[in-house]
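Observations on chain architecture
Each chain, letter by letter, is given below.
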Amino acid sequence: MLSDRWEGSYGTYNLNEVGVAGAQGFLLERPGRVVGAQVQWNNLADAPAPVPLQFWPDFGSDGYMWDLEAPIAEPFRCLSAADEGTWVDYVLDEPIVVSQPLHVFAGYEKERGADTPAILQEDFWYEGDLPHAGVRFLGVDDELYYLGLASPWYTWRIRLAVIYDDDILPADKPFRMLEAEVDDMGVSASSRVAWGDYDNDGDDDLMTSGPALWRNDGGTFTDVSATALPAGVGASGGVWGDYDNDGCLDFFGQGTSYTTGDLLLHNACDGTFDDVTLESGIHDIQSERDCDGDGTEEHSPTEGSGWTDVDNDGWLDLYMANYECSSEHDYFQNYDDRLWRNNGDGTFTDWTETAGVPTSNEAGRGVTVGDYDLDGDIDVFVSNYRLDRNFFLVNEGDGTLTNEANGNGTEGTLVNGAYGHTIGAVFGDIDNDGDFDMVHANLAHPFFYHFSDKSGVMMNDGSGVFTDEAASRGLYYRETHSNPSLFDADNDGDLDLFITSVYRERDSDFYENDGTGHFTLRNFESGLVQQNGWGAAVADPDGDGDLDLVAYQLFENEPATAHGWVKVTAVGGAGAGGLANRSAIGAVVMVTSALGDQMRMVSGGSGTGVQDSLTQHVGLGDDDRADRVTVWFPGGASVSVDDVLSGSRLWIHEDGRTSMGTVPPEW
């Protein structure tokens, strides 16, 4: 017997009399076909009567929630009390095709007050980290919980009959996870990662949380943290940018707690870094919150950051997305974001109020920067958590920002006072129509499904207004999406999509773009799967012409079909008569070939403190050349190069100089 007086948030319930649905989840290890099940029943009628078994699809991949409103199949057997406790076979008329390693649920549902058959259950919990069985109390507190209260449950006595498809050997999949100290490109990365060529040798190095610096020497990584970084510093994620325009990438590191400050590392251009945080003036000290309860000033936890140039003066400024206090002293009170303007002399001034950054107590989780509207200045999208609204800060060209999120469709959908838990976001031209779309990764619990934003594929209509088309473009609902990456994994001329998922045993998702901006889930075929991921970032560290990805480990990409490609590194002229910052953050690259026009964005950071390579990689499919490569720099300058052969690495300076080769020119 269950509680007959369960105190909910919206009433007192007799759980023995409410409607109930129970189901066992089965996680298929690879694609296959479900052909039936075996079940043990209880409470069957004395006389034979039809007893249905219901099958449902997965709902969020948490192991104990299923899509109750979308049953896949409902076979019947005629059963009586004589069948109780025996294994009863159910055979499906049509098999259920499961194309990826996902859950399938089988179970039963009884209406409120009904005395109907129920499936027997074991007297032990599931084995492993995740539950694989659940119960739904229908209508219980459904003002708060989607369709009613849900909970993990004891194991139901159900066996699933599956015919698996042929396996694919790891060697036959394009992505292979590498191991640190075993493989040349193996690294031991953390949850947040940023690619950047700090030593100017032409290949991207990797900074991870710690901070820990992995130097890349032609595809072989070495941890040089002890010799390159100052002792005693700490950071969790961050972004590369040449803030002093000396030609060497510097690094901003995030302090993600109220006891640890942020970090600015200046590149000495000799392979080492100096801690210049204090001299720079950048800090996250504030007095609005008292998270540790001692009445003194404390740090704002910085969960996202991005280099930008708010006033287009050629000196990189810094946006910091600050998070929440989760202690008993100031519970769930959020810290305001900060914008630091670069003075051009190594110091920064707090520009938050001057630029018009919102101060509305939202829980900042990620920063994504880029010139989304192609007007020559850099805009900022801020992912906000805790069911808060997102910010889309459009650069007005005069050093100020205007939050256009409500009007352009990126704020989130307001339902019952809530928006979503947006963690990471990324810009990219998903459908190759000449404007930048977005992907938002949202953590959305199944029991809050009806009022919490899910991950979105935000399509730009060409005027800067975005519409979420995730469902029609093929995205599967997963509960704990975290950080999205857009990149052309197979060099076929369109952007594919990778999204990490937090929590134990939760798979990431890799989607293949069909060329029209519609996606197909390819986890099993690709080999690109990471569990409990957080951040991810892409680059071509081995210089073989395809993009690899790091999410805790490095996944080496070796596509089955060789396609053409070009790589473009833009170089701004600030400090030498130009307008754009030396890193060319905010620049837009367009590659024109027989496939059409493809755009890329040089970003100073995206998602939750992660960063892709500053070198832009564009797939050409079967084309042997790009007809034209054009770079639009912040401030308005543009440079074009015609007839670029496939396999070329192209360097384009703001003043019109160009160079080919893997080694940076001496500009």
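Residues numbered from 1 in each chain as written. Predicted model: local features only at pLDDT ≥ 70, side-chain atom pairs only at ≥ 80, totals over all residues. Heavy atoms only, no water.

**Considering the pattern of salt bridges**
- Tallied over the full model, the rule gives 23 salt bridges.
- The partner of E556 in a salt bridge is R176, and the shortest N-O contact between them spans 3.1 Å. You can see E556 sitting in strand 46 (residues 553-557) and its partner R176 sitting in strand 15 (residues 175-177), a full 380 residues away along the chain.
- By relative accessible area, E556 is classed as buried at 12%.
- Between K567 and D540 there is a salt bridge, and its shortest N-O distance comes to 2.8 Å. (Salt bridge = Lys/Arg side-chain N within 4 Å of Asp/Glu carboxyl O. Helix = DSSP H or I, 4+ residues; strand = E, 2+ residues; numbered from the N terminus. Buried < 20%, exposed > 50% of the residue type's maximum accessible area, 1.4 Å probe, protein only.)

**A look at the sheet that holds strand 54 (residues 658-660)**
- The strand order across the open sheet built from 4 strands is 50-47-53-54, with neighbouring strands paired in mixed fashion. With partners counted over all chains shown, the strands left at the sheet margins are strand 50 (616-621) and strand 54, one partner each. Direction aside, the axes of adjacent strands within the sheet are offset by 20 degrees on average.
- Relative to strand 54, strand 53 (residues 648-653) runs antiparallel, the two sharing 3 bridges. Its bridge partner lying in strand 54, L650 is registered against M660. (Pairing = 2+ DSSP bridges. Axes fitted to C-alpha atoms, helices over the stretch in contact; angles between N-to-C directions.)

**Comments concerning the side chain of D262**
- Mapped onto the elements, D262 comes out in the loop between strand 21 (250-253) and strand 22 (263-267).
- R338 provides the closest opposite charge to the buried, unpaired D262, separated from it by 7.4 Å.
- There is a polar contact of 2.7 Å between the side chain of D262 and the backbone nitrogen of G255.
- Separated by 3.0 Å, the side chains of D262 and T302 make a polar contact.
- Contact partners of D262, with chain neighbours within four places excluded, come to F252, G253, Q254, G255, T277, D284, T302 and M320. (Lys, Arg positive; Asp, Glu negative; His and termini not counted. Polar contact = N/O pair within 3.5 Å; in protein donor to acceptor, adjacent residues only side chain to side chain. Contact = heavy atoms within 4.5 Å.)

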